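Structural characterization, general
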Protein chains: 2
Amino acid sequence: MPDNSGSLNVAIVGGGIVGLIMAAGLQRRNINVTIYEQARAFRELGTGIAFNPAAQGCLEMIDPGLTVALQKGGAVGLSAFNDEEMNDCLRWIDGYNQRQPDDPDYQKFYLKTDAGYRGIQGIRRDHLLEQLTKLFPEEALKFKKRLVSIEDNDHDDQVILTFDDGTTATADAVIGCDGIKSKTRELIVGPGSIAGTPTYTHVNSYPTVIAMDKAVSILGETKAKAFHNHLGPNANLLHYPVANGTMCNVTVFIRNPDEWPEDKPTSLMGHKADILDHYKNWNPVVCKLIDALPDQLPTWAVFDLWEYPIPYYNKGRVCVAGDAAHASSPHHGAGAGMGIEDALCLATLLSEVGLTLRQGQASKFNALATAFKAYDASRRPRSQWLVNSSRRICDLHQQEEWGDATKWIKAETTLEEIRDRTDRIWNFDYRGMVQDAVADYVRSIRQHKHKSI
Amino acid sequence: MPDNSGSLNVAIVGGGIVGLIMAAGLQRRNINVTIYEQARAFRELGTGIAFNPAAQGCLEMIDPGLTVALQKGGAVGLSAFNDEEMNDCLRWIDGYNQRQPDDPDYQKFYLKTDAGYRGIQGIRRDHLLEQLTKLFPEEALKFKKRLVSIEDNDHDDQVILTFDDGTTATADAVIGCDGIKSKTRELIVGPGSIAGTPTYTHVNSYPTVIAMDKAVSILGETKAKAFHNHLGPNANLLHYPVANGTMCNVTVFIRNPDEWPEDKPTSLMGHKADILDHYKNWNPVVCKLIDALPDQLPTWAVFDLWEYPIPYYNKGRVCVAGDAAHASSPHHGAGAGMGIEDALCLATLLSEVGLTLRQGQASKFNALATAFKAYDASRRPRSQWLVNSSRRICDLHQQEEWGDATKWIKAETTLEEIRDRTDRIWNFDYRGMVQDAVADYVRSIRQHKHKSI
């Protein structure tokens, strides 16, 4: 007996920031959602994450409650906290050695990109997570569930998920938001496929926070309270306010030409001494800021899916989103935003699936598989572009030319490209994205129906 | 006694395509123009040059007679010649080995960018030159004039040009359109400056034309009559119709990791055998096309100003435009177009200078120097971007990934970037460019006047 109620049960694998935002979007569209998380509880670092204009617009369309969650979590404009600016912006400046003899602290201004009023907001990850978890009833969150396999046969009514504790769960569809090491992705592309293999980007990231007072004493008020990216050869460093402006989030990036040992954890505790060496010839202001960082700080070996992207984000009633689909290095600060765009696309498409089912226009399997295909077509080109672009922008941020006086003019000719790439992320027509994806889905459903008649 | 007639005499150094178009724009604005060319006569190859939508729009604003010259010279749409398409477009396809076992000639389609109706037109360089020279009275064209020096002192009424035949000429201002080896550029940046040193791009270019019938017999009608860029590892090849569609312009590019010997000419006659080796594993269709090229063909070692761009395009009453300012590799097919944008900017600004002088708002020296400063500010970021982007797009066209089956998916993720870069060139707001440059100039003149009062 066909189920024409249009009700859907969706399993989300992974309870990170994108998984929870995805779940919020489904829940708001009356889709039943269960989140399966492998850890004992949700965890996030106390370091910052930023949402650009496109990501903020998507959050509002996914669920206006998410915008409220941002505010409650202490989100602040990345530069509007500075009284001199109404709009948020990013600023790129010389972090190295274009010093004026009479002012060694002088840092040449390179580029500013304007994001509009409250255009980019920064928040601590742990504060955001705390707000997000409040959106769900306890029974929607299942912990200690490490995915082992997914069975998805078109003759079965349900997809079956098996976990490593021996339990199983069923769902109408599965969305893998399980990050760069995604098990869902592995099940989509098949075992042993090289597609989806994370590789080392040869950059290490050191994210941390310091008190804003401290940052102001080193950088001065104007610089400390606005996003600045300090550029130089083989490294760069950025900072922006978080926690209602009481803290300054600092992220240090360092190029590492060596391979990352396979048996070494990609996330570990490192020492400030590891950073100091790479910055010793930098502008004195940058050196003072690094001095002010804690002696121990988190170290991330940055991996991404640039070398071996997956050829599709979907298979039957299973798909991947966020880092699971397109793990990017963090140099655009847009990785989570890209996952949020995915979430808006999927939430809207799955809402359409409900309509299709209530109108009896397709089987549940066909409707879901068609929706995920439309999702793949809509999202893959842009999100794969980001993976590429983040690598490229890092090359530009850290180009050796910044350190060579005969190459400064050349290096500055690349600022136009940094601006373009930022614009492409921020000025995304996400309303158009949703409209096109739905149109694609509806066309496919109609054509399919037509054929089977 | 100040000259308030507003009349201007401008010397253009170099009678290439951009120099002549620049001269046409000045002449149309009632500015006296003299072109000094070092050769005995104008010369151009019989190979193709293409004008994108931005370049065509600028040509029309510089002088509608230039649009007529294009038509008279046999310009044709780069793909609209093919009856299946109303609009012009560029197409990128696999030139290497993504063969289908049952169809070895199959070339996977990668990307198409739509330029609109007659959006990109191709013409033989020699045919265009023939039309352009008809626009000028004989006395405006001076041959065998190799520039040696320019004297430009603000206390002199005129700039003095000296040529290697010992003669001199005077002008109110000088525009150097003297190409990548520009003498004018050298005089702007000063002797011994590394800025403006051309460097080898490690790519050789082989431009030639074959009969369209021959191209159709190899590529088929649809492919032969529309622009196609065949991509593969360390090389690429493109073709498009010229000469009213009777000829097919073919340009072969090959990466060369070696240095180019300093004493070897950068333009010489080469042999088809030099190409064959690099293409031996390519798609059979591409191999057949290369077989059909003449045994001897022009070889260009591609040099550009990427490594050592100049920090400004102007000094006093002297400036550079086109390749002299921003010689780019040819991978966007937009080098001449960028010079045409320069010409529109300069022609409009110099017309404003006439107005300033008639109104007595500034000295001739100040008005001209201010106009050239506004020109530099307007044109340098975009044209330097092109030099960078052309290098980058070549890297993408010729990436080794095209030849490695495990990297095809990765390679295809870069097509978005190829599209973006093409869009940025084609969708340029040249009317906005002119408006902003004039506003910048007028503001500077007013501020200057204000100060001196």
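Residues numbered from 1 in each chain as written. Chains lettered and ligands numbered in written order. Predicted model: local features only at pLDDT ≥ 70, side-chain atom pairs only at ≥ 80, totals over all residues. Heavy atoms only, no water.

1. Brief notes about the interface of chain B and chain A
By a widely used convention, the size of an interface equals the accessible area lost when the partners come together. For the record, the criterion: In this analysis, two residues are considered to be in contact whenever any of their non-hydrogen atoms come within 4.5 Å of each other. Here the quantity called buried area is the accessible surface, traced with a 1.4 Å probe, that two parts lose on coming together, added over both. Counted as salt bridges are all cases of a side-chain nitrogen of Lys or Arg within 4 Å of a carboxyl oxygen of Asp or Glu. Each polar contact in these results corresponds to two N or O atoms within 3.5 Å; when the atoms are within protein, one needs to be able to donate a hydrogen and the other to accept it, and residues that are neighboring in sequence are counted only if both atoms are side-chain atoms.
Counting from both sides, the interface comprises 22 residues of chain B and, opposite them, 22 residues of chain A. When chain B packs against chain A, the two sides together hide about 2200 Å² of surface, and 53% of this comes from carbon and sulfur. Three residues, B:Ile409, B:Lys410 and B:Thr413, lead the burial of chain B against chain A; their summed loss comes to 23% of the area buried on that side. In this structure, the connection of chain B to chain A is made through 10 salt bridges. In this structure, B:Glu307 engages A:Lys407 in a salt bridge whose closest nitrogen and oxygen atoms are separated by 2.7 Å. Counting across the chain B and chain A interface gives 11 residue pairs in polar contact (both at pLDDT 80 or more).

2. What about the relation of the copies chain B and chain A?
So the rule is basically this: C-alpha atoms of residues with pLDDT of at least 70 in both copies form the basis for the least-squares superposition of the copies.
Each copy superposes on the other: chain B lies on chain A with an RMSD of 0.0 Å after a rotation of 180 degrees and an axial shift of 0.0 Å. Each copy turns onto its partner about a two-fold axis. Within chain B, the C-alpha atom positioned nearest to the axis of rotation is that of B:Asp420, 4.6 Å from it. Both copies share a contact surface, since 100% of the interface residues of chain B are interface residues in chain A too.

3. Overview of the sheet that holds strand S11 (residues 168-171) of chain A
Residue and element names in this part refer to chain A. To keep it simple, the criterion reads: Two strands qualify as a pair provided that DSSP identifies no fewer than 2 bridges between them. Numbering goes from the N terminus for both helices and strands, where a helix is a DSSP run of H or I of at least four residues and a strand is a run of E of at least two. Between N-to-C directions, angles span 0 to 180 degrees; the directions come from axes that are lines fitted to C-alpha atoms, helices contributing only their stretch in contact.
Taken in spatial order, the 3 strands line up as S9-S10-S11 in an open sheet, and their pairing is antiparallel. Each of the sheet's edge strands pairs with one partner strand only, and the pair in question is strand S9 (147-151) and S11. Averaged over all pairs of adjacent strands, the angle between their axes in this sheet comes to 20 degrees, without regard to strand direction. Pairing geometry for strand S10 (residues 159-163) and S11, over 4 bridges, is antiparallel. Directly across from Val 159, in S11, lies its bridge partner Ala 171.

4. Describing empty space enclosed by the protein
Residues and elements named next belong to chain A. What counts here: In the cavity and pocket records, a cavity denotes points on a 1 Å grid over the protein atoms alone where a 1.4 Å probe fits but cannot get out, a pocket denotes an open set with protein on both sides within 12 Å along at least 5 of 7 lines, and lining residues are residues with an atom within 4 Å of a point. Grid points are joined across faces, edges and corners, and a volume is the space filled by probe spheres set on the points. Amino acids are sorted into nonpolar (Ala, Val, Leu, Ile, Met, Phe, Trp, Tyr, Cys and Pro), charged (Asp, Glu, Lys and Arg) and polar (every other residue, Gly among them).
In total, this model carries 1 cavity of 30 Å³ or more according to the counting rule given. Within this model, the largest cavity holds a volume of roughly 30 Å³. Lining the largest cavity are Ile 21, Phe 51, Leu 59, Leu 66, Ala 69, Leu 70, Leu 128 and Leu 132. Mapped onto the lining of the largest cavity, the elements with two or more residues apiece are helix H3 (64-72) and helix H4 (125-133). Examining the composition of the lining of the largest cavity, we find that 3 residues originate from one element, H3, more than from any other. A per-class count over the lining of the largest cavity returns 8 nonpolar, no polar and no charged.

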